[in-house]
Amino acid sequence: MDWQPDEQGLQQVLQLLKDSQSPNTATQRIVQDKLKQLNQFPDFNNYLIFVLTRLKSEDEPTRSLSGLILKNNVKAHYQSFPQPVAEFIKQECLNNIGDASSLIRATIGVSEEGRGVSGFVSDFKNWILLPQLCNLLNSEDYNTCEGAFGALQKICEDSSELLDSDALNRPLNVMIPKFLQFFKHCSPKIRSHAIACVNQFIMDRAQALMDNIDTFIEHLFALAVDEDPEVRKNVCRALVMLLEVRIDRLIPHMHSIIQYMLQRTQDSDENVALEACEFWLTLAEQPICKEVLSSHLVQLIPILVNGMKYSEIDIILLKGDVEEDEAIPDSEQDIKPRFHKSRTVTLQHEEERLQDDEDGEDEDDDDDTLSDWNLRKCSAAALDVLANVFRDELLPHLLPLLKGLLFHPEWVIKESGILVLGAIAEGCMQGMVPYLPELIPHLIQCLSDKKALVRSIACWTLSRYAHWVVSQPPDMYLKPLMTELLKRILDSNKRVQEAEYIQKLMPPLIQKWNELKDEDKDLFPLLECLSSVATALQSGFLPYCEPVYQRCVTLVQKTLAQAMMYSQHPDQYEAPDKDFMIVALDLLSGLAEGLGCHVEQLVARSNIMTLLFQCMQDTMPEVRQSSFALLGDLTKACFMHVKPCIAEFMPILGTNLNPEFISVCNNATWAIGEICMQMGAEMQPYVQMVLNNLVEIINRPNTPKTLLENTAITIGRLGYVCPQEVAPMLQQFIRPWCTSLRNIRDNEEKDSAFRGICMMIGVNPGGVVQDFIFFCDAVASWVNPKDDLRDMFYKILHGFKDQVGEDNWQQFSEQFPPLLKERLAAFYGV
């Protein structure tokens, strides 16, 4: 007698299933607790299967949900089910695998969790069900046949090896011939299931399939022009796998197969086209590729190139990126260009197809919707591997197309052309060299395209040719390229994205850097270039900084040693080329500025401070100039390493405050200002070493503007940390001090300098009286001073006004230009 439910129990289970579809979380919690209780009763699972298979009056979602809960129970507790319960569930599944509803058929046969009948068979070794399932394929009822096939396909996917083993007495010997019969079935869904089932056994070369291989191939050919896309897709997938494991059987038909795949790669269904496109990837790995494909390149190349455009659906999914987005800041998501890369889906040839060190970062595409393997990526990967097979023989078919694509007015087409150019870079490099002088400048121009996707693909393609770029004279391509990238990186909107591009170009730059000898002049432009990159990338430069830093220190050390040998034995040694040392010091400055506090460990592990002490005393002004710049940058980045040397460094800085060498003087002045800010009151012993020279410089006629500004800032900073020492000289510099700083923009340096001047006025108010109008003018040059600085200004202005009295102030302020009068009244009420 069949198991029958208790009516009250059945109603309770149905109510539970209805409640569990409620969006309310409290209800959900009650449902979960109730499920836990009910799971204590073994025949609860009978109720669940009963709702799934017998209660055809219930709505489908409720029946399907009942099946899903049952699957979870089977998965978790099947081994502890009493025998009658397990039997009842299995029998019900088999009897109802042909349910009229496709949702219920799928729930019974397979599901996302891969349970149902197929789960009973493969997870719980109920192989006894297998013959029963195979017999159901013969059913006259379409639903039963389709449901059984669905379950069998899942079993083939899950257990392909076991089905071909002696342990089960090789059921495949029966199953394969049976599946092959269904290749001619009138229903496309069943034809598709049948091919999918057989396809599971190709890669493992299952014996039963190898015994029937010719029939299988014959049947595939018969289905080649099937009207159903799912069938065509499975046919293509089968041929791709056969190409890998039984190419011997395909060779006699290769010409026709290639013709077929050329059509399918252009199939109106993108999934079919994608499967077909895999064929070229796989063929490229076979020794016979060149021989069988040469005569077809003329047709194939345009098809692959056409497949490399973004599809309409891609463009919809890419939403914002398609717009002209110069004005929109990039999010992290925008950074990684969407390049082609190898798929990691079904087939076995999974080694990274684009063996290309330049793009280690492409492992995880950011845009989830597009991270799937698609026709664009597959076409590009196919072109890449074919370029490696055919080398320059590919170019006669490609070059005529390329010109039209690269300069096309439509961005989608232009973008695909740039991708083509990048895809062939590795294989066709030799043949492309004559065209690069024209193409590289065009690509550099594309880096400032309005479309983000054009910019990113241009960068990727440039990275594929970067080895050539760095091998040319730097002024030709490397400098314009870096200028363009750095221009964009320093523009706040695009900073993140362009930084990613520069990362792409770093490996070839570093490789070039490693190849060049210490005495090679080509190092100069590379050092300059890396210096700009380090400053722009900031902490993004960290991965590259160690070898670059060490090399610079070595260059400085070698040059100093050579200079010493030369000075002692000029007859035996050549004079060194000090340019190496200068450029190396500048790059170290770039590193210190870019890496900030991160540079500290590098400095700690090197003797740079000792070397710097020598460079600061070099006879060549340019060496001293670069040394003082580095000293200032190290002072800002890691003062702990500079501080122990201050007593030795300050006298040298003092002697270099000589305007005869403008740039040396300028950098020494700036460095002193930075040291003040770090030393604070401890600067006091050194004030007299530098103050007189600074005051002299600020009063000199014809001193260049930059030097004047730096001198004024440093005097202000000295006064900020040691007002008592500097204030007595206030009268000697206040007028030129005010005129040189009235024209600079609000910034940190200006802020500290003005705080210093206010503190000195506090100590020596008499020093400013004669030139007070100049001070008023300088104060008015501030657009937005910090609140406490504004208060300092307020107190000094009102103090002076109160001191001289209303009438005198009136007379005094009559001399003010109207604009100055207005500003002081508006901001400070005077």
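Whatever comes next refers back to the structure up there.
Computed from a prediction, not measured in an experiment: that's the story for all the values here. Residue indices follow the written sequence of each chain, beginning from 1 at its first position. At least 70 in pLDDT is required for a residue's local features to be given in this predicted model, at least 80 for side-chain atom pairs to be given and counted, and no such filter applies to totals for whole chains, interfaces and linings, which use all residues. Only heavy atoms go into the side-chain values, all of them from the structure, while hydrogens and water stay out.

Participant: Would you take a moment to explain the overall build of the chain for this structure?
Facilitator: Elements are defined by DSSP. Helices are runs of H or I of four residues or more, strands are runs of E of two residues or more, and each kind is numbered from the N terminus. When its secondary structure is counted, the chain shows 47 helices and zero strands. Burial here depends on accessible area, computed with a 1.4 Å probe over protein chains only, as a share of the maximum for the residue type. Under 20% is buried, over 50% is exposed, and the range in between is partly exposed. Within the chain, buried positions represent 58% of all 830 residues. Any two residues having at least one pair of non-hydrogen atoms within 4.5 Å are treated as being in contact. Nonlocal contacts in the chain, meaning residues at least 24 apart in sequence, comprise 74% of its contacts between residues at least 6 apart. Exposure was quantified through the Shrake-Rupley algorithm and a 1.4 Å probe, taking into account, for residues, occlusion by the shown protein chains and nothing else. With an accessible surface of roughly 36,000 Å², the chain has 52% of that area assigned to carbon and sulfur atoms.

Participant: Which parts of the structure should I look at to understand the nonpolar core?
Facilitator: Proteins that are soluble and globular tend to have nonpolar side chains buried together. Grouping buried Ala, Val, Leu, Ile, Met, Phe, Trp, Tyr and Cys residues that are joined through side-chain atoms within 4.5 Å yields what is termed a nonpolar core. Ranked by size, the top nonpolar core spans 260 residues in total, and within it Phe 216, Trp 280, Phe 541, Met 683, Phe 733 and Trp 737 carry the most contacts. Leave out the neighbours within four places in its chain, and Trp 737 touches Ile 698, Ala 712, Ile 715, Gly 716, Ala 753, Phe 754 and Ile 757. Formed by 29 residues, the second largest nonpolar core is a distinct cluster that contains Leu 35, Val 85, Cys 93 and Ile 108.

Participant: Is there a simple way to explain the packing of aromatic side chains in this structure?
Facilitator: Aromatic ring pairs are defined here through the distance separating the ring centres and the angle between the ring planes. Centres within 6.5 Å make a pair out of two Phe, Tyr or Trp rings, where for Trp the six-membered ring is used; the pair is then stacked when the planes are under 30 degrees apart, edge-to-face when over 60, and tilted otherwise. Within this structure, the stated rule accounts for 26 aromatic pairs. Between Phe 793 and Tyr 828, the ring centres sit 6.3 Å apart and the planes meet at 75 degrees, which makes this aromatic pair edge-to-face. In this pair, Phe 793 sits in helix α45 (residues 787-804) while Tyr 828 sits in helix α47 (residues 818-828), placing the two residues 35 residues apart along the sequence. Take Phe 793 and Tyr 828: they sit in the same class, and that class is buried. Aromatic ring contacts, followed pair by pair, group Trp 737, Phe 754, Phe 772, Phe 775, Trp 782, Phe 793, Phe 800, Trp 809, Phe 812, Phe 816, Phe 827 and Tyr 828 into a single cluster. Charge-over-ring contacts are defined here by two conditions on Lys NZ or Arg CZ: a distance within 6 Å of the ring centre and an angle within 35 degrees of the ring normal. Taking NZ or CZ as reference, Arg 376 lies 3.8 Å from the ring centre of Tyr 310, over its face. Lying across the ring of Phe 661, Arg 624 places its NZ or CZ 5.5 Å from the centre.

Participant: Help me understand the layout of surface pockets in this model?
Facilitator: Where empty space is left can be seen by rolling a probe of water-molecule size over the atoms. What the second largest pocket holds in volume is close to 260 Å³. Along its surface, the second largest pocket is lined by 15 residues, and Thr 265, Asn 306, Gly 307, Lys 309 and Leu 375 are the ones closest to its centre. Contributions of two or more residues to the lining of the second largest pocket are made by α17 (270-284), α19 (297-307) and α21 (375-390). Three classes are used: nonpolar for Ala, Val, Leu, Ile, Met, Phe, Trp, Tyr, Cys and Pro, charged for Asp, Glu, Lys and Arg, and polar for all others, with Gly counted as polar. Of the residues contributing to the lining of the second largest pocket, the split by class is four nonpolar, six polar and five charged. Only protein atoms enter the calculation, which uses a 1 Å grid: trapped sets of points that fit a 1.4 Å probe without letting it out are cavities, open sets showing protein on both sides within 12 Å along at least five of seven lines are pockets, and any residue with an atom within 4 Å of a point is a lining residue. Grid points are joined across faces, edges and corners, and a volume is the space filled by probe spheres set on the points.

Participant: I'm lost on helix α39 (residues 687-699) in this one. Help?
Facilitator: Side chains that are three or four residues apart share a direction in an α-helix, a result of its 3.6 residues per turn. To estimate the expected span of a helix, count its residues, drop one, and scale the result by 1.5 Å. For α39, with 13 residues, the first-to-last C-alpha span of 18 Å sits near the 18 Å given by 1.5 Å per residue. Buried residues belonging to α39 abut α37 (646-655), α38 (662-679), α40 (705-721), α41 (723-726) and α42 (730-741).

Participant: Honestly, the pattern of salt bridges in this entry has me stumped. Any pointers?
Facilitator: Between side chains of opposite charge, a pair can form when the charged atoms approach closely. By convention in these notes, a salt bridge is any Lys or Arg side-chain nitrogen within 4 Å of a carboxyl oxygen on Asp or Glu. Counted under the stated rule, the structure contains 42 salt bridges. The residue Asp 248 makes a salt bridge to Arg 249 at a minimum N-O spacing of 3.6 Å. Taking the relative accessible area as the measure of exposure, Arg 249 reaches 31% and is therefore partly exposed. The salt bridge partner of Lys 414 is Asp 449, with a shortest N-O separation of 2.9 Å. Within this pair, whereas Lys 414 is found in helix α23 (residues 411-423), its partner Asp 449 is found in the loop between α25 (436-446) and α26 (452-464), the two being separated by 35 residues in sequence. With respect to burial, Lys 414 and Asp 449 carry one shared label: buried. Connected via shared salt-bridge partners are Asp 214, Arg 246, Asp 248 and Arg 249.

Shape is all these values report; function is a separate question.
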